[in-house]
Amino acid sequence: MYLATTDAVAKASEQEQSGARRGRVAGPVLALGAVSLVTDISSEMVTAVLPLYFVLQLGLSPLQFGFLDGLYNGVTALVRLAGGYAADRGGRHKLVAGGGYALSALSRLGLLLAGGATAGIGAALAADRIGKGVRTAPRDALISLSSPPDTLGRAFGVHRAMDTTGALLGPLAAFALLWATADAYDAVFVVSFCFGLLGVLMLVAFVPGHLSQAPPRPPHPAPASAPAPRPRALHLLRVPAFRRVLVAAALLGAATIGDAFLYLLLQRRLDFAISWFPLLPLGAAAVYLLLAVPAGRLADRVGRRVPFLAGHVALLGGYVLLLAPTDGWPLLIGVLLLLGVFYAATDGVLMALVAPVVAQERRASGMAVLQTGQALARLVAAAGFGAAWTLWGVQTALTCAVLALTAAVAGAAVLLPQSDTSSGGST
């Protein structure tokens, strides 16, 4: 699936970067956004029905679901590091990302073959998350390497907006299929696989094999010399700016309960028909879609730290709203609106925040380390919230989440660098 870099591709990449400096988003960013759009249709078709399936059909307790939800999102931890390291060796970002996309597509067939067996479904979901873990850091590294440092916020905002379009369409497709086929989950899995395969083919056809902001090599190579040792990914922890971003992201992740819990709490409070449950992510996705690019542009102008922290304050508002006596449409719209603001102000902005402090040759590894720390923290948060709900009740669990996130935002405000850095740190 890997396309070797040719002179034509290199020239096109230089032209695209020049265009990005004049305000346009680079072609590789748009191509990766299209791939993510199609792939997210595939993945969100399945993700949208999982809480409904596990809790309401299989009858899992909140503690059991919290563990599965954390595992579903945290199983990517180690493979993120492996994917980032493999991508940085020889600049094989596209090859590694393509492998991750392919594995996620094949996992849909695993869901189809599982036949309702919990173990089989769990294995297929793990394969999907492994694929996502492998591809995410190389993909984000490709975005950062194809964009000038002062437009990273916009570039990630455009990509995340396209990605979220897929997240918006996926639950709609799942809802329509379940309605048209009388709850035939197999149909959802088959269509999901087709979209996943299409995403892989688009990556092969439209994304350049290698991108770099480094200047072109001279026509006559310099005399051979002993190569400098390549630092390992974890050596990035020696870079103070990177370390501060990592600790702040992990601290906030440890106070962030999963979206599925918020949707379950909304269904519990509003008591609407469970057939409407797969549509809940659409509200947050629509807000994310509308605000991702403006949030990226704002981050480029005022600094990425400000919107990143503000996004977590919005999430805190969602938790508080679930604790308040608010009911009906105000509760539903308020929580989904604040959740969408949270993702628009934090997801791509975090990658734009960390990219300038990581050297280009370690870009994928650095992003993988950051994403791994955040994923592990969210695994702990999901399991902890599920345990608190089971042992003490939902109100106490939510109160603990509010207090934890408040403390985490205050800590992150102290830890995050006060200004963005435009040059990669020494690793």
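To be clear, the structure that these remarks concern was listed above.
Everything numeric here is computed off the predicted structure, so don't read it as measured data.

Draft legend 1. Fine view of the overall build of the chain. Helix and strand content of the chain: 16 helices and 0 strands. Taking as baseline every contact in the chain between residues at least 6 positions apart, the subset at least 24 positions apart corresponds to 86%. Roughly 17,800 Å² of accessible area belongs to the chain as shown, and the carbon and sulfur atoms make up 68% of that amount.

Draft legend 2. The arrangement of the nonpolar core in detail. Phe 242 and Phe 385 are the most contacted members of the largest nonpolar core, which totals 84 residues. In terms of residue count, the dominant contributor to this core is helix 14 (residues 328-354) (13 residues). With residues near it in sequence (within four places) discarded, Phe 385 still touches Ile 257, Phe 261, Leu 265, Ala 397, Leu 398 and Ala 401. Leu 111, Leu 125, Ala 174 and Tyr 185 belong to the second largest nonpolar core, which has 14 residues in total.

Draft legend 3. Expanded view of the pattern of salt bridges. Summed over the entire model, instances satisfying the criterion amount to 6 salt bridges. Across the pair Asp 128 and Arg 129 runs a salt bridge whose closest N-O atoms are separated by 2.8 Å. The exposure classification of Asp 128 matches that of Arg 129, with both residues buried. Linking Arg 139 and Asp 140 is a salt bridge whose minimum nitrogen-to-oxygen distance equals 3.1 Å. Because the salt bridges share partners, they merge into one network encompassing Arg 139, Asp 140, Arg 160 and Asp 347.

Draft legend 4. Spatial organisation of the side chain of Ser 104. Residue placement: Ser 104 occurs in helix 6 (residues 93-114). Ignoring anything within four residues of it in the chain, the contact list for Ser 104 reads Asp 128, Gly 131, Lys 132 and Arg 135.

Draft legend 5. Fine view of helix 15 (residues 363-392). Relative to the 44 Å expected for 30 residues at 1.5 Å per residue, helix 15 spans 43 Å between its end C-alpha atoms, a close match to the ideal helical length. Where helix 15 ends, the next residue or the one after it, Gly 393, has phi of about 100 degrees, a positive value.

Draft legend 6. Structural detail: a nonpolar patch on the surface. Nonpolar side chains collect at one region of the surface, where Leu 298, Val 302 and Val 306 lie side by side and expose about 230 Å² of accessible area between them. If you trace the backbone, Leu 298 turns up in helix 12 (residues 280-302). Judged by relative accessible area, Leu 298 falls into the partly exposed class, the value being 36%.

Draft legend 7. Summary view of the packing of helix 11 (residues 259-270) against helix 14. One way to put it is that helix 11 packs onto helix 14 with a least axis distance of 10 Å and a crossing angle of 170 degrees. Regarding the angle of helix 11 to helix 14, the classification is roughly antiparallel. Contacts from Asp 259, Leu 262, Tyr 263, Leu 266, Arg 269 and Leu 270 in helix 11 reach Gly 328, Leu 331, Leu 332, Val 335, Leu 336, Leu 339 and Tyr 343 in helix 14. The class makeup of the residues in the contact of helix 11 with helix 14 is 10 nonpolar, 1 polar and 2 charged.

Draft legend 8. Representation of the packing of aromatic side chains in the model. In total, this model carries 5 aromatic pairs according to the counting rule given. With a centroid separation of 5.9 Å and 55 degrees between ring planes, the pair formed by Phe 261 and Trp 389 is classed as tilted. In this pair, Phe 261 sits in helix 11 while Trp 389 sits in helix 15, placing the two residues 128 residues apart along the sequence. As far as burial versus exposure is concerned, Phe 261 and Trp 389 are alike and both buried. Among the aromatic residues, those joined into a cluster by ring pairs are Phe 261, Phe 385 and Trp 389.

Draft legend 9. Up close: helix 8 (residues 152-180). A rise of 1.5 Å per residue sets the reference length of helix 8, with its 29 residues, at 42 Å; its end C-alpha atoms lie 42 Å apart and thus fit the reference within 8%. Positioned one or two residues after helix 8, Ala 182 has a phi angle of 55 degrees, which is positive.

Draft legend 10. Representation of the side chain of Ser 43 within the structure. Assignment of secondary structure puts Ser 43 in helix 2 (residues 27-47). Not counting residues within four places of it along the chain, the set of residues in contact with Ser 43 comprises Arg 108 and Ser 192.

Draft legend 11. Looking closely at the environment of Phe 175. Turning to its location among the elements, Phe 175 is positioned in helix 8. Between the C-alpha atoms of Phe 175 and Ala 48, which are 127 residues apart in sequence, the distance is 8.8 Å.

Draft legend 12. Layout of the environment of Leu 338. In this fold, Leu 338 is placed in helix 14. Since its relative accessible area comes to 23%, Leu 338 is described here as partly exposed. In this structure Leu 338 touches Ala 314, Leu 315, Gly 317 and Gly 318, once residues within four positions along its chain are discounted.

Draft legend 13. Structural context of the packing of helix 2 against helix 9 (residues 185-206). As a packed pair, helix 2 and helix 9 sit with axes 8 Å apart at the nearest point and diverge in direction by 165 degrees. Considering their axes alone, helix 2 and helix 9 lie roughly antiparallel with respect to each other. Helix 9 is crossed by helix 2, and the crossing has left-handed handedness. Contacts between helix 2 and helix 9 involve Ala 31, Leu 32, Ala 34, Val 35, Val 38, Thr 39, Ile 41, Ser 42, Ser 43, Met 45 and Val 46 from the former and Val 188, Phe 189, Val 191, Ser 192, Phe 193, Phe 195, Gly 196, Leu 198, Gly 199, Met 202, Leu 203 and Phe 206 from the latter. Taken together, the residues of the contact of helix 2 with helix 9 sort by class into 17 nonpolar, 6 polar and no charged.

Rules used in this analysis
Residues numbered from 1 in each chain as written. Predicted model: local features only at pLDDT ≥ 70, side-chain atom pairs only at ≥ 80, totals over all residues. Heavy atoms only, no water. Helix = DSSP H or I, 4+ residues; strand = E, 2+ residues; numbered from the N terminus. Contact = heavy atoms within 4.5 Å. Areas by Shrake-Rupley, 256 points an atom, 1.4 Å probe, with all protein chains shown as cover. Core = buried A, V, L, I, M, F, W, Y, C linked by side-chain atoms within 4.5 Å. Buried < 20%, exposed > 50% of the residue type's maximum accessible area, 1.4 Å probe, protein only. Salt bridge = Lys/Arg side-chain N within 4 Å of Asp/Glu carboxyl O. Expected span 1.5 Å × (residues − 1). Patch = residues over 30% accessible without salt bridge, like charges linked within 9 Å, V, L, I, M, F, W, Y side chains within 5 Å. Axes fitted to C-alpha atoms, helices over the stretch in contact; angles between N-to-C directions. Parallel < 35°, antiparallel > 145°, perpendicular 65-115°, else oblique. Nonpolar A, V, L, I, M, F, W, Y, C, P; charged D, E, K, R; others polar. Phe/Tyr/Trp six-rings, centres within 6.5 Å; stacked < 30°, edge-to-face > 60°. Left-handed = near helix turned anticlockwise from the far one by under 90°.

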